[in-house]
Amino acid sequence: MERQMRGLNILAELAARPDMTQFPGCDAVIILDERHYTLYADGRICFRHYQLKRVLRDFDRDKKSEVPVLFHAEQQAVTVHSAKTVMCDGTIMESPEYAINQITPAYLSAAPHYTTFQHKIISLVGVERGGYTELDYEVTDTKPWQAGLHGVLQLAEHAPIMRRIVTFDTPEDVVLSFGLQYIDGAAAGNAVVVDNGRRKSMFEFKDLPLWNTEDSHPLIMAGCPRLVYGVARTWEEVGAQLAHKVSDATKSDDDIQALVKKLLEGIECPVQSALKLHKHVQEGITAIAFHPRHVHYSARPAGDVLRSRYGTDFEKAVLLHAMLQAAGRESVVALACPDPLFTDRVLHLGIYDSAWVRTMGMFMRVDKSLHEARNEHLEGHTLLLGVTEGQPRLKVGPARKTAGNRLDIKLNLTMKEDRSLEGSADVIFSGLYNPYFNLHGKDSDKVIGWVKGFVGSVWDNAEIDTHHFAHLATTHSVLAAALKVKPVEANDDGFYFLAFPGAMATGGFDIGVDVTERRSVYALPGKGLQTVKIELALAKDLEPVFSPAPQEYKTKDITLKQDFSIKGDEGAAKTVEYSQKLDIHANYVPPERFDAVRSLAVADKRGHNRTLVLRKK
Amino acid sequence: MIDGREKDFIKTDEEKRKLINAAGGEKEHKGADIVVVFDHTWGHVDVSGLGNLYTNRMVKILTEKGAAQQSVLRFDYDPRSYLNNVLRLRIHRLAGGVEELDPGDCRDVMQPEAMLYWRVKMKLYSLRNLQVGDAVEYEVFKKGFNVAYLKSAGDRFDPDSWVDPETGIKPPMYGAFYDIVYFREKVPIKEKRYTVLSPKRMPLSFEFYRGDCRSCCLVDDEYYTYSFEKKDIEGYTPEMRMPGIQTSMPKLLLSSIHDWREKSRWFYRMNETQFEWNEDIKKVVNEVTAGCATDDEKAAALLHWVAQEIRYIGFSVAQGEGYTIHPGIMTFRERGGVCKEYGGMLVTMLRAAGLEAYAAQTQALAPVNRIPADQFDHCVTAWLKPDGSFTMLDPTWAPFSMQIWDAAESTQNFLIGSPEGENLGVSTTFTPEDSRLNLEATSTISPEGMLTGSVSYWGRGRSDSTQRFMHSWQPAAAHDRLFQKMMSELDPAVEITGRCFTDIMNLKESFRSTLEYRVPKYALVNQDTMYLRLPLMRLLLAPNLVRYLTAADTPERKFDMMVIFLQLAEASETITVPAGWRLASRPVAMDLKNDSVELAVNLKQEVDELRFSLRFMTKERYVTPDTYKAFREITGHGKNLAERWLVLRKEQGGKC
């Protein structure tokens, strides 16, 4: 492909310029994107990237005209071959020296060890709506330091791509394995050429639609077209590599030994010991949002991580593993891939999103986004255990059968003459609903605060009179509470509107409803069953004038059933019985079924089917 | 440092240990992860205006989280404008003993930056094995310039090009010193002290704001010694919508210049050469102003061109980047810059159009205090009209705005750089009417409870630009989600059936949005009774419409709530009900007002239509913690009304 300045005659070349009429709802269109990976015989890697784009809206001009290039400042060099803009009148603007800057990524400013990784910020100047930008840069290893050529390339981006070419140029004896996923609708071609001792593998894609990443859902990239590449042959090989990296980083360390001894003083229960160590790693070590794939899943020695008090997700897992070993516990570091659709034929550590530690049948995670450590969170994930022997190394689902996720709520309430409510609540929490891990080791104020918050989610404005909350085990907890609710006020028309609890509120989760359709898989909060039964004895002088009809929402992934019944003889005080059953029987919702789940969530949020209207007789 | 005075400022290790012990622990400072045992700054000012300031600070660790936080210390500096050298770094261990760390053992790297790449640096120190109860102490020396002013010194001395021979730092303004010192942090401070010595020929003006402190000024043969001290300072938790720290925290301002005019003339002189234009600029100026009948129209047209065509991006092209405007020709060519380039580009284009204009400084969203310290963080344009009055223009804040000066910058101080020297000025005070929002809605409820309707809204001032921002500040792919989210306030089950918008680039007319929708089963229907909420009233809970109706979301506040712009919202809706259905609920008539907010609502039925109207107005820029309760009470009535179910009954034999 010719590499002369295409911008010089770009207006003439692009007779049919892509514009907003061709790409409605797009901020820009990428006309050509080329990525070229070269692996040299000595192990050095060179990555070259060329992109030609037309800017259609202000948003792209303002937010996408700075390109950050991550590189290792001591092992790599960044060369900018071209950073140009073709303005609407044909004027060509080249980015001057002061428009190419180096910064430390913000997420590394609390991690001195990793500040060898820097961003080269290539800023384009003269960018206009309707103008073109051309960027051509390369990142070259100055010496071999990377563990081979492997990675995951997301093929779709924030703007549609008319043509994308990816080339891998390796020594003839290096044969990469490739995995292509989710490329429906994008014409893909590939070719392999062996010539003069070099092997060139080329992929070409056309008309890749934009991938909308504006939703913050954690699986937003699931389903995005991608190309995975690497040299590994078997998962056993990859698992063993991981085990060796963990082993290298967990050599015996006096500080770890001393700390473990101190932390576990007086604790005999093995599970409590593990949780105590987990708590220390979670709270006492700052989590650095630096993906370990950038350092090929190597970790600093666990003792260094402990003493420096910061680390990546992976390093924190390795530290916990080292602490467990110091405590005499068996443990294994595992990586988890949350994408349920990911096939296991693509051999690459980079597909794994999170690091966990398995001990005594429990999986524990130490990053700050997930404050709980339990097997249930891993259901549906693909797991890679860092072990050098034993089968299988690739596992799907939790390593042991879970106790089941279940929440059972019973409320008995009586409305008094002043319209206040009194009564009791009995709740059993199991599996994911059990707050054990969340509250473990927390002081009593925090536990009481949690209980108050939970009761408030079950019945609006409910206050606890007395309560007993028992952490029975890591699997179950129970709550028995006496409740009081301030008098319910009639509205200006003399009506009382009582909204009974929504399933999502009591379950402590939310399903976003502002996205009406998806292209990515949606993660539900976990399989589980919630039941709510409420008996409310009304004040004698009140009568129900509206109660919703029984409802049942059935989808393939969730069912929700709500039922009201009014009991009591004519003229006597009435009792309202409300029951609700939410059954989540999937971990993930594929895009084609999201609408049904969304409709159910909308119904639950708006509360029409759980609102009772009362009036004075 | 002034010879022999160190002993006055640095405590002995024995004294420090006592202070560490007396500082208390987690129990005494509930909720805090660290406590500042002491924070002492002292130093002197050179006649050049160069500050030489030492700081000795000690922090005691109270929790594991605090230990993790303190394990990496960061010291920022800018090689071209100020130094920040770590002289000493120590850990006072809980178990006893003091560890001395090597101040040279650090990572000296670029700072994280975004959009503004000024090549500033930082030194990162990794403190190993920190434990709860340990105390971290450091001493740093800061040397740099903040503000300077030219003194006439004859031909041989050019203060504008003078560079400090020791550091290579070039002062922006030779001969002046200023400092802004805050006396409160998010964490508790046991003792904070600031002491500065200035030569006797260089006295300092100073003032302490928002609270008090122990202060003194001592005089000897050579220096004035100014000292300020405060003890047992509570930490604070930031609140939503609180003003910036400039206006919410106790602070000390000091300055060796005493007249804003000096600063004005300096700013003029520093930048006056930057506003030349070329043929390309002139051509665009002619195109943009073609058809403008008056100078006001020309100025507005040029302002909007700069606002829309210049992209916000900052580069460091020379020393003194913070106060030197890039040449207009360069900004025009690169179509990029930060506020000073926006301001400078407009000065350039106004001058090319034959109008007289100057660059000016301001502090966005906060008043400038009277001590002439450099409190400015923003640059704007001043157009001098033939009658001698100035019209202020802010192109940086004008993208997708019909305004020439943003309503959020109401009553804001500025300083124009002019050859004669100007005094501190103050911008226009905007009224709620200046950011008026109109909403008109019609809807129909079916006997089965299905709601169909449409809502149109448009405004002026900030109420107009806020709606344009919905489109321009978000990627196009996110628009569906944004409007779905907004309309979900009306009902989560809403289905948007139509959207119509006028051109967001047309800044001559209000931007108008119309959304059509339907909501199946909007009302609860029970034979002859129907319960429904007011659709438009529910939609008004969306924060991008009536911004402050839902702002009072906490029962009380410790800091002022800042109302970014005063707003008047007038909304009306006609809800057509099925024939024969009558409103059984009492009509709504509400007229509530106090000094900070007004809310008036009416609802009545006329034949088969429910007529709803609302008027909401925010009237004060700062809602104090004392007046917040009353503000919350009134806005709470609005929120309650949005939650209220109205009752409709089907007429039977002419009666309901």
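The structure presented is a predicted model; accordingly, all values stated were derived computationally and were not measured.

### A few points about the confidence of the model for chain A
Atomic detail in the predicted coordinates should be set aside for any region of low pLDDT. Of the residues in chain A, 88% reach a pLDDT of 70 or more, and the chain-wide mean stands at 87. Segment residues 1-5 of chain A is flagged for pLDDT under 50; beyond a separation of four residues in sequence, or across chains, it makes 13 contacts in the model.

### Things to note about helix 3 (residues 235-249) of chain A
For an α-helix, the turn length of 3.6 residues means that residues three or four places apart are oriented alike. The end-to-end C-alpha distance of helix 3 of chain A, which contains 15 residues, comes to 21 Å, matching closely the 21 Å that a straight helix rising 1.5 Å per residue would cover. Those residues of helix 3 of chain A that sit buried are Trp235, Val238, Gly239, Ala240, Leu242, Ala243, Val246 and Ala249 of chain A.

### Regarding the state of the cysteines
Joining two cysteines, a disulfide is a covalent bond between their sulfur atoms. Scanning the model with the defined rule gives zero disulfides over all chains in all. The closest cysteine sulfur to the non-disulfide-bonded Cys379 of chain B is located on Cys339 of chain B, 5.7 Å from its own sulfur.

### Quick look at unusual backbone geometry
At Tyr297 of chain A, a position not held by glycine, the phi torsion is positive, near 55°. Summarising the element assignment, Tyr297 of chain A is placed in the loop between strand 15 (286-288) and helix 6 (302-308). In this structure, Arg119 of chain B takes a positive phi of about 55° despite not being glycine. Residue placement: Arg119 of chain B occurs in the loop between strand 7 (116-117) and strand 8 (121-126). On the basis of relative accessible area, Arg119 of chain B is assigned to the partly exposed category, the value being 25%.

### Description of helix 5 (residues 279-289) of chain B
Residues and elements named next belong to chain B. Among the residues making up helix 5, those that are buried are Ile281, Val284, Val285 and Thr289. Viewed along the axis of helix 5, the buried residues span an arc of 120°, placing them on a single side of the element. Exposed and oriented more than 90 degrees from the buried face of helix 5 are Glu279, Lys283 and Glu287. At the N-terminal end of helix 5, a side-chain oxygen is found 3.2 Å from the backbone nitrogen of Asp280, two or three residues along, and the residue is Asn278. The first or second residue beyond helix 5 is Gly291, which carries a positive phi of 90°.

### Some remarks on the confidence of the model for chain B
Residues and elements named next belong to chain B. Considering every residue of chain B, the mean pLDDT works out to 92; 94% of them sit at 70 or more. Segment residues 146-155 is flagged for pLDDT under 50; beyond a separation of four residues in sequence, or across chains, it makes 29 contacts in the model. This prediction of the complex comes with two scores: 0.93 for pTM and 0.92 for ipTM.

### Description of the nonpolar core
All names here are of chain A. Counting residues in hydrophobic clusters, the biggest one holds 133 residues, and the most contacted among them are Trp459 and Phe500. Excluding its chain neighbours within four sequence positions, the residues that come into contact with Trp459 are Leu411, Leu413, Leu421, Val485, Leu498, Phe500, Pro501, Ile534 and Leu536. Counting 42 residues, the second largest nonpolar core, distinct from the first, contains Leu259, Val260, Leu324 and Met364.

### Focus on the interface of chain A and chain B
Between chain A and chain B, the residue contacts involve 74 residues of the former and 70 residues of the latter. In total, chain A and chain B occlude about 5800 Å² of area from one another, counting both sides; carbon and sulfur atoms represent 52% of this. When the buried surface of chain A facing chain B is broken down by residue, Tyr98, Arg309 and Arg606 of chain A rank first, second and third, together holding 12% of it. Joining chain A to chain B, the criterion identifies ten salt bridges. Among the ionic pairs, Arg309 of chain A bridges to Glu64 of chain B, the shortest N-O distance being 2.9 Å. On the surface where chain A and chain B come into contact, there are 31 residue pairs in polar contact (both at pLDDT 80 or more). Along the lines of polarity and charge, the residues of the side of chain A that touches chain B split into 29 nonpolar, 21 polar and 24 charged.

### Things to note about the packing of helix 5 of chain B against helix 6 (residues 295-309) of chain B
Residue and element names in this part refer to chain B. The geometry of helix 5 relative to helix 6 is characterised by a closest axis approach of 9 Å and an angle of 120° between their N-to-C directions. Considering the angle they form, helix 5 stands oblique to helix 6. The chirality of how helix 5 crosses helix 6 is right-handed. Across from Val284, Val285, Val288 and Thr289 in helix 5, the residues of helix 6 making contact are Lys298, Ala301, Leu302 and Trp305.

### Points about the side chain of Ser454 of chain B
All names here are of chain B. Of note, Ser454 is situated in strand 25 (residues 451-459). According to the relative accessible area criterion, Ser454 is buried, its value standing at 17%. Residue contacts for Ser454: discarding those within four places in its chain leaves Glu440, Ala441, Thr442, Leu515, Glu516 and Tyr517.

Rules used throughout
Residues numbered from 1 in each chain as written. Chains lettered and ligands numbered in written order. Predicted model: local features only at pLDDT ≥ 70, side-chain atom pairs only at ≥ 80, totals over all residues. Heavy atoms only, no water. pLDDT = per-residue confidence, 0-100. Contact = heavy atoms within 4.5 Å. Helix = DSSP H or I, 4+ residues; strand = E, 2+ residues; numbered from the N terminus. Expected span 1.5 Å × (residues − 1). Buried < 20%, exposed > 50% of the residue type's maximum accessible area, 1.4 Å probe, protein only. Disulfide = S-S within 2.5 Å. Arc of directions from axis to C-beta. Polar contact = N/O pair within 3.5 Å; in protein donor to acceptor, adjacent residues only side chain to side chain. Core = buried A, V, L, I, M, F, W, Y, C linked by side-chain atoms within 4.5 Å. Buried area = accessible area lost by both parts, 1.4 Å probe. Salt bridge = Lys/Arg side-chain N within 4 Å of Asp/Glu carboxyl O. Nonpolar A, V, L, I, M, F, W, Y, C, P; charged D, E, K, R; others polar. Axes fitted to C-alpha atoms, helices over the stretch in contact; angles between N-to-C directions. Parallel < 35°, antiparallel > 145°, perpendicular 65-115°, else oblique. Left-handed = near helix turned anticlockwise from the far one by under 90°.

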